[in-house]
Amino acid sequence: MDVKIEPSWKALLAEEFEKPYFKELTAFVRGEYMNKPVFPSPQLMFNAFDLCPFDQVKVVMLGQDPYHGPGQAHGLCFSVNKEVPTPPSLKNVYKEIQSDLGLTPPTHGNLEHWATQGVFLLNATLTVLAHRAGSHQGKGWEIFTDEVIRLISEKNEHVVFMLWGAYAQKKAWMIDESKHLILKAPHPSPLSSHRGFFGCKHFSQANDYLKSHGKKEIEWV
């Protein structure tokens, strides 16, 4: 199956693309795009992969599924297009960056500048129906993205996994803690951020870890 995705990921995931579940998933998603409003746009479905080649992954952040409002989702978890108001969870992420690192956050919610530095902004489900959160869960995307996480753990070294909230933390069993750093905190959503997300200092911890293993630190702002 010819999936339009960044070359290093295409080579790594070639076997996955030929599995029956992925072919069924592709047919389902194609049908949804043809008949219903689906986000993000098809060309941005694999944007997280396209902006962050496999061998450049330094940090993994995991979201659940894309934003389901018009103009928001562009293939990167937590991120929105520049002209869209910054979502509440990302505002809280910015607050923690300011508290942790003393940096003034940007006035927009576009995180492409993270992705191009090696922050892999992966949603567990890569598509969603307009105004229907979770509408494409259980269709096969989670099988695919679990394999992506497993392959990063297996074939890469010294990657920081930021697992925020119970959903993301359930993925920890796939990650080899002997060669990667797993950072856990409550989700930055307004409902849970005060339970331990604020003050987690994940951004300084990530940079300290990367630096200690000879990798360039992430410029979070």
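Residues numbered from 1 in each chain as written. Predicted model: local features only at pLDDT ≥ 70, side-chain atom pairs only at ≥ 80, totals over all residues. Heavy atoms only, no water.

Details of the overall build of the protein
Inclusion rule: Each helix is a run of DSSP H or I of at least 4 residues and each strand a run of E of at least 2, with the numbering of both proceeding from the N terminus. Only C-alpha atoms enter the radius of gyration; for comparison, a globular chain is expected to reach 2.2 Å times N to the power 0.38, where N is the number of residues. Think of it in three bands: residues with accessible area under 20% of the maximum for their type are buried, residues over 50% are exposed, and the middle band is partly exposed, with areas taken using a 1.4 Å probe on protein chains only. Contacts between residues were defined by any pair of non-hydrogen atoms, one from each residue, lying within 4.5 Å. Only the protein chains shown count as cover for residues, with accessible areas throughout obtained via the Shrake-Rupley method and a probe of 1.4 Å.
Within the protein, the secondary structure is distributed over 9 helices and 6 strands. What you see for the protein is a C-alpha radius of gyration of 17 Å, in line with the 17 Å of a compact globule of 221 residues. If one aligns the C-alpha atoms of the protein with their principal axes, the spans along those axes are about 45 × 35 × 25 Å. Out of the 221 residues in the protein, the part that is buried amounts to 54%. Excluding contacts between residues fewer than 6 apart, the proportion of contacts in the protein whose partners are at least 24 apart in sequence is 66%. When the accessible surface of the protein is totalled, it reaches about 10200 Å², and 53% of it is carbon and sulfur.

Focus on the pairing of strand S2 (residues 59-63)
Rules: What makes two strands pair is DSSP finding at least two bridges between them.
For S2, the buried fraction is high: 5 of the 5 residues fall into the buried class. Neither face of S2 is left uncovered, since the one carrying Val59, Met61 and Gly63 and the one carrying Val60 and Leu62 both have all their residues buried. In this sheet, strand S3 (residues 119-123) lies alongside S2 in parallel orientation, the contact comprising 5 bridges. Along S3, the bridge assignment pairs Met61 with Leu121.

Concerning the pattern of salt bridges
Just so we agree on the cut-off: Whenever a carboxyl oxygen of Asp or Glu lies within 4 Å of a side-chain nitrogen of Lys or Arg, that contact is scored as a salt bridge.
Counted by the stated rule, this structure contains 8 salt bridges. Residue Glu18 pairs with Lys23 through a salt bridge whose shortest N-O separation is 3.6 Å. Judged by its relative accessible area of 39%, Glu18 falls in the partly exposed class. For the salt bridge of Glu154 with Lys155, the shortest nitrogen-to-oxygen distance reads 3.6 Å. A network of salt bridges, in which partner residues are shared, links Glu147, Arg150, Glu154 and Lys155.

A short note on helix H7 (residues 141-155)
The test is simple: The length a helix should cover is 1.5 Å for every residue beyond the first.
Over its 15 residues, H7 runs 21 Å from end to end, which matches the ideal 21 Å to within 8%, given 1.5 Å per residue. Of the positions making up H7, those classed as buried are Trp141, Glu142, Phe144, Thr145, Glu147, Val148, Ile149, Leu151, Ile152 and Ser153.

Here we look at the pairing of strand S5 (residues 160-164)
In regular strands, side chains alternate between the two faces of the sheet. Most of S5 is tucked away, with 5 of its 5 residues classed as buried. By the alternation rule, side chains of S5 split into Val160, Met162 and Trp164 and Phe161 and Leu163, which are all buried. With 3 bridges joining them, S2 and S5 adopt parallel strand pairing. By the bridge assignment for S5, Val59 is matched with Val160. In this structure, S5 lies alongside strand S6 (residues 181-185), joined through 5 bridges in parallel fashion. Bridge assignment links Trp164 to a residue of S6, and that residue is Ala185.

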